[in-house]
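The primary structure of each chain is shown beneath.
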Amino acid sequence: MISTHTLQTTHRRLATHYLTQLRTADAALVKGIPNKQYGNGLLAKEWVHITRWQQHAASHQQQSKDWAFICREYGRSAASVVFFTCTPPQRLAWWIAALGGARQAGDPVSERIFLNKLSAEYSTLGQLEKVRECSLELLDLAQRVNDQMAVGNAVYQLATLAEDQGRFDEASEQFEQARRIFERFKHHMKTARALHGLGRVADYQGRYAEAHQYFLRCMQITAQPGWEVDHCYAVQGVAETLSHLGKIDEAEVYYRQAVNLSRKIDFRFALGPALIGLASCLLEQGRLEDALPHFVEGITLTREHSAFRDLLHGLISLGYLYWQQGELPAALAHLQEALEQVHTSEFPVYEARAHRCLSLIYLDQNALDQSKQHLRMALALSQTLSTQPEIESVIPCAAYLALRTGQAETAALWSGAITAQPNQDRPFHDRLHQGLVQSHGQRRLKKLLSQGRSLTLEAVLVQVTTVSESGTRANIDTSVTMK
């Protein structure tokens, strides 16, 4: 009979052996595409055994410091492997175990590392209160020992939290603070990620040219072997801003680059969002049939592998496509799912967008009260966010409602109040414009649009609120001038 001591020794040897295999694979994944292929081949053979012994170490860490050390090492040795191989819930479980091992082993440095990883995973899963808890704990621990890199990590995670909750000015300040810390330590990859965060916030706020520059800098930093993961996201950011700047054909080229690179390195976490971005770009071009399969594949991947916000974006965009195709039940199903999902967390940008699309769908179903209800919600959320793109996106929806309810002149005036040419939702703007032409004719419409340009955005929002709440015709004061 094998003694308990011998069995435990054998178990530790096996756990250590597969820990070595894990380290080899992890190192390979950050050294360029040929090495990634080697690392993936090794994982294909050994992953079942690696996860088995990681779980064994996790389940025994409370009983023995040896197992706590091993569990901690499985965490310290797996950053790339876990990111490439595991789904977000699996990654979360891995880092929870690693954090427990670090605490049992009395290793405060690793404790701070794993708190940062946990915060990132909770962010991916949309569990924003957990993001706050982990980030604030990390910040407290880091400040106690003056670990400035850990302070930068905590501030970066708090910035992603503020971004998701729509507190964009705060997010921008925190991303900039994190960037300065990372630059001081010459941590180029984290600097690139902070720049990407600054680009995202600028994009939300409609500062598209500025966002484009942030993403270009991020793309330049990450254009080297082993950094393909971050490069995927940088390329997507460049594509997004090009689309918002009206350079749709160029945006499509970058989205296809992101899709191809994600497939090449088998990085499904980035592939889903890249496909959804490409589909959205095709949708902007009016290529609905081309966009549909990319949306379907992208949403399938994001459900399992990607961030919660990516799934929301995909569901809303696909629902919008189905509305454009006149497939209202399918559109309604996807938008309602998005709204149900967003209610489990705090993502006001996506909640506003879902309500905006639902308003259009219910209007086309002649459900006027429900359409107005969703328009009111979209308007309220957009005004809370205080971002020009979200606020201006509500006005064409309100104009469409006015047009469909016999207030064609009001619809034209509101449309005129949006002075910039639309770089988003072009198929919808085309539909609205065609309806206005049919109601007024080209000459009168041109006059009404010109008259609408004299209105302030604030004056229009007051009138939109009146119509959405009372259903009466809005008395627009055309003497109100722009700023």
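Residues numbered from 1 in each chain as written. Predicted model: local features only at pLDDT ≥ 70, side-chain atom pairs only at ≥ 80, totals over all residues. Heavy atoms only, no water.

If charged atoms from side chains of opposite charge come close, those side chains can pair. Inspection of every chain in the model, using the stated rule, returns 28 salt bridges. A salt bridge links R144 to D140, with the nearest nitrogen and oxygen atoms 2.8 Å apart. One end of the pair is R144 and the other is D140, both in helix α7 (residues 128-144) and four residues apart, which spans about a single turn. When the shortest N-O distance is used, the salt bridge between E252 and R256 registers 3.0 Å. In this pair, E252 and R256 are both assigned in helix α13 (residues 248-264), four residues apart and thus about one turn of the helix distant. Overall, E252 belongs to the buried group, its relative accessible area being 12%. Among the residues examined, R256 registers a relative accessible area of 32% and is labelled partly exposed. Within the structure, one salt-bridge network assembled from shared partners comprises R23, R72, E73 and D107. (Salt bridge = Lys/Arg side-chain N within 4 Å of Asp/Glu carboxyl O. Helix = DSSP H or I, 4+ residues; strand = E, 2+ residues; numbered from the N terminus. Buried < 20%, exposed > 50% of the residue type's maximum accessible area, 1.4 Å probe, protein only.)

All right, on to the environment of E390 then. Relative to the elements of secondary structure, E390 occurs in helix α20 (residues 388-404). In this structure, the C-alpha to C-alpha distance between E390 and Q336, residues 54 residues apart in sequence, is 20 Å. In this structure E390 touches V349, R353, R356, S382 and L385, once residues within four positions along its chain are discounted. (Contact = heavy atoms within 4.5 Å.)

Attention now moves to the nonpolar core. Grouped burial of nonpolar side chains is what soluble globular proteins tend to show. Among the nonpolar cores identified, the biggest contains 164 residues, and L22, Y74, W94, W323 and W414 are the most heavily contacted of them. A per-element tally of this core places helix α14 (residues 268-284) first, with 11 residues. The contact partners of W323, leaving out residues within four places of it in the chain, are L328, A331, L360, I361, D364, Y400, F428 and R431. (Core = buried A, V, L, I, M, F, W, Y, C linked by side-chain atoms within 4.5 Å.)

Evaluated as defined, the whole model comprises 16 aromatic pairs. Aromatic pair F83 and F269: ring centres 5.2 Å apart, planes at 40°, arrangement tilted. Of this pair, F83 sits in helix α4 (residues 79-85) while F269 sits in helix α14, and the two are 186 residues apart along the sequence. Looking at F83, the relative accessible area reads 25%, which means it is partly exposed. Given the relative accessible area of 9%, F269 is considered buried. Ring centres of F84 and F267 lie 5.1 Å apart, and the angle between their planes is 50°; this geometry places the pair in the tilted category. Taken together, the residues span a long stretch of sequence, with F84 in helix α4 and F267 in the loop between α13 and α14 at a distance of 183 residues. Like F267, F84 is buried. Its end group placed over the ring of Y350, R353 keeps NZ or CZ at 5.5 Å from the ring centre. (Phe/Tyr/Trp six-rings, centres within 6.5 Å; stacked < 30°, edge-to-face > 60°. Lys NZ or Arg CZ within 6 Å of the ring centre and 35° of its normal.)

Next up on the list: empty space enclosed by the protein. Per the counting criterion, the structure on display carries one cavity of 30 Å³ or more. By volume, the largest cavity amounts to about 50 Å³. At the level of elements, α4 and α14 are the ones that each hand at least two residues to the lining of the largest cavity. Residues belonging to the lining of the largest cavity are distributed by class as follows: five nonpolar, one polar and two charged. (1 Å grid on protein atoms, 1.4 Å probe; cavity = no way out; pocket = protein on both sides within 12 Å on 5 of 7 lines; lining within 4 Å. Points joined across faces, edges and corners; volume = space filled by probe spheres on them. Nonpolar A, V, L, I, M, F, W, Y, C, P; charged D, E, K, R; others polar.)

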